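A closer look at the structure
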Amino acid sequence: MTDLIIIGAGCAGLTAAIYAQRAGLQTILLEENFYGGQIALTNEIENYPAIPSITGPELAQQLYGQAESLGAQIRFEMVTQAELTSHPKIITTNVGRYEAKAVIVANGAKRRKLGCPGEAELSGRGVSYCATCDGAFFRGKDVAIVGGGNTALEDALFLSNVCRTVFLIHRRDTFRGEKSLAERVRQRENIHLLYDSTVTEIRGDAAVSAAVIQNLKTGAQQELPVSAVFIAIGLMPENGIFSRQLPLDENGYFLAGEDCKTPLAGVFVAGDCRTKPLRQIVTAAADGAVAGYQAASYIG
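Throughout what follows, the structure given in this document is the object of discussion.

1. Regarding the sheet that holds strand 12 (residues 165-169)
Taken in spatial order, the five strands make up an open sheet running 10-17-11-12-13, and their pairing is parallel. Lying at the two open borders of the sheet, with one neighbouring strand each, are strand 10 (127-128) and strand 13 (191-194).

Set out below in structure tokens:
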């Protein structure tokens, strides 16, 4: 038995742990993969208040270290079952069983997939969802990146520093990301923009050798010889395990307001997993602070 269990050790979860520990709670964080969440997959962060520039892994490490120094227990286990209506709450993982007075779900979201032929077959062999993780494997080579938001723009800039040519493929004629990022991308000589286009197939035998691109306005297709395809077309939540106990919107995000409360007493949600107009590091940190405070108030 512990006071609080937090599911997910991304920015929201780690921030919640910091606030909960400072409020005197005993906190356990459960994380399936690696701490930091989307932060750890971001090369450079330039929009966090008071920090002009910091790498994602560095910020993730600082958050992790702060939560751990305050006494939060961070365990790398996969949650397989959650009984959120019970008192106490019961969380089962691939390692064991936990009981807690309150639970914060901050499991974030994962990268969305294209769903085209060749994507699954060549995943890990040139198809990647993390440019900062895998970009160095394609140093000096030609690569493609798919997307038009901040992540795609940031990834394109990162890849342009290590790859010979970067083809940025976007299904619209304008970018959804920040104007400053888009302008930097346009000025980078080795980034080639392919507007109004989508990837219909990824080809290769042992590894990626080409991407088939279709222009959505003309219907014309071309085969683009590349060694890798990086996919950055947005996020999707992984809330299915909680869907029978907590309400979700049509896209699978938790229906919860800025107070991070759910219909279940003692259960809160925070970060990218809940419905919101903006998903950024600063909004995840804000959610974590609110959820940590709410959990402490509930237990108190």
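2. Regarding the sheet that holds strand 14 (residues 197-204)
Each strand in a sheet pairs with its neighbour through backbone hydrogen bonds, running either in the same direction (parallel) or in the opposite one (antiparallel). Across the sheet, which stays open at both edges, the three strands sit in the order 14-15-16 with antiparallel pairing between neighbours. With one partner strand each, in any of the chains shown, strand 14 and strand 16 (221-225) form the two edges of the open sheet. For this sheet, the mean inter-axis angle between neighbouring strands, taken without regard to orientation, is 25°. Where strand 15 (residues 208-215) and strand 16 come together, five bridges link them in antiparallel fashion. Each bridged residue has a counterpart across the sheet, and for alanine 210 the counterpart in strand 16 is proline 225.

3. Digging into the nonpolar core
Core analysis: the largest hydrophobic core is formed by 34 residues, its most contacted members being Leu4, Ile6, Cys11, Leu14, Leu29, Ile39 and Ile104. Only strand 1 (2-7), helix 1 (11-22), helix 2 (56-69), strand 8 (97-105) and helix 6 (281-299) provide two or more residues apiece to this core. At seven residues, helix 1 tops the list of elements feeding residues into this core. Every residue in contact with isoleucine 39, bar those within four places of it in the chain, is listed here: Cys11, Ile45, Gly56, Pro57, Leu59, Ala60, Leu63 and Ile281. The next biggest cluster of nonpolar side chains, apart from the first, holds 22 residues, and it includes Phe175, Ala182, Val185 and Phe230.

4. Notes on the packing of helix 1 against helix 6
Relative orientation of the contacting elements helix 1 and helix 6 amounts to 35°, with a least axis distance of 7 Å. The hand of the helix 1/helix 6 crossing is right-handed. Taking contact as the criterion, the partners of Cys11, Ala12, Thr15, Ala16 and Tyr19 in helix 1 are, on helix 6, Ile281, Ala284, Ala285, Gly288, Ala289 and Gly292. When the residues that make up the contact of helix 1 with helix 6 are grouped by side-chain class, the tally is eight nonpolar, three polar and no charged.

5. A few points about the packing of aromatic side chains
Applying the stated rule across the entire model yields five aromatic pairs. Centroid distance phenylalanine 138 to phenylalanine 230: 6.0 Å. Interplanar angle 90°. Geometry classified as edge-to-face. Here phenylalanine 138, found in the loop between helix 3 (131-134) and strand 11 (142-146), pairs with phenylalanine 230, found in strand 17 (residues 228-231); they are 92 residues apart in sequence, far enough to count as distant. Take phenylalanine 138: its relative accessible area is 13%, and that puts it in the buried class. The ring of tyrosine 253 carries arginine 279 above its face, with NZ or CZ at 3.7 Å from the centroid.

6. What to know about the packing of helix 1 against helix 2
Their axes nearest at 9 Å, the elements helix 1 and helix 2 cross at an angle of 30°. Classified by the angle between their axes, helix 1 and helix 2 sit roughly parallel to one another. Both helix 1 and helix 2 take part in a crossing whose hand is left-handed. Note on element contacts: helix 2 touches helix 1 through Ala60, Leu63, Tyr64, Gln66 and Ala67, opposite Cys11, Leu14, Thr15, Ala17 and Ile18. Taken together, the residues that form the contact of helix 1 with helix 2 break down as eight nonpolar, two polar and no charged.

Cut-offs used in this document
- Residues numbered from 1 in each chain as written.
- Predicted model: local features only at pLDDT ≥ 70, side-chain atom pairs only at ≥ 80, totals over all residues.
- Heavy atoms only, no water.
- Pairing = 2+ DSSP bridges.
- Helix = DSSP H or I, 4+ residues; strand = E, 2+ residues; numbered from the N terminus.
- Axes fitted to C-alpha atoms, helices over the stretch in contact; angles between N-to-C directions.
- Core = buried A, V, L, I, M, F, W, Y, C linked by side-chain atoms within 4.5 Å.
- Buried < 20%, exposed > 50% of the residue type's maximum accessible area, 1.4 Å probe, protein only.
- Contact = heavy atoms within 4.5 Å.
- Left-handed = near helix turned anticlockwise from the far one by under 90°.
- Nonpolar A, V, L, I, M, F, W, Y, C, P; charged D, E, K, R; others polar.
- Phe/Tyr/Trp six-rings, centres within 6.5 Å; stacked < 30°, edge-to-face > 60°.
- Lys NZ or Arg CZ within 6 Å of the ring centre and 35° of its normal.
- Parallel < 35°, antiparallel > 145°, perpendicular 65-115°, else oblique.

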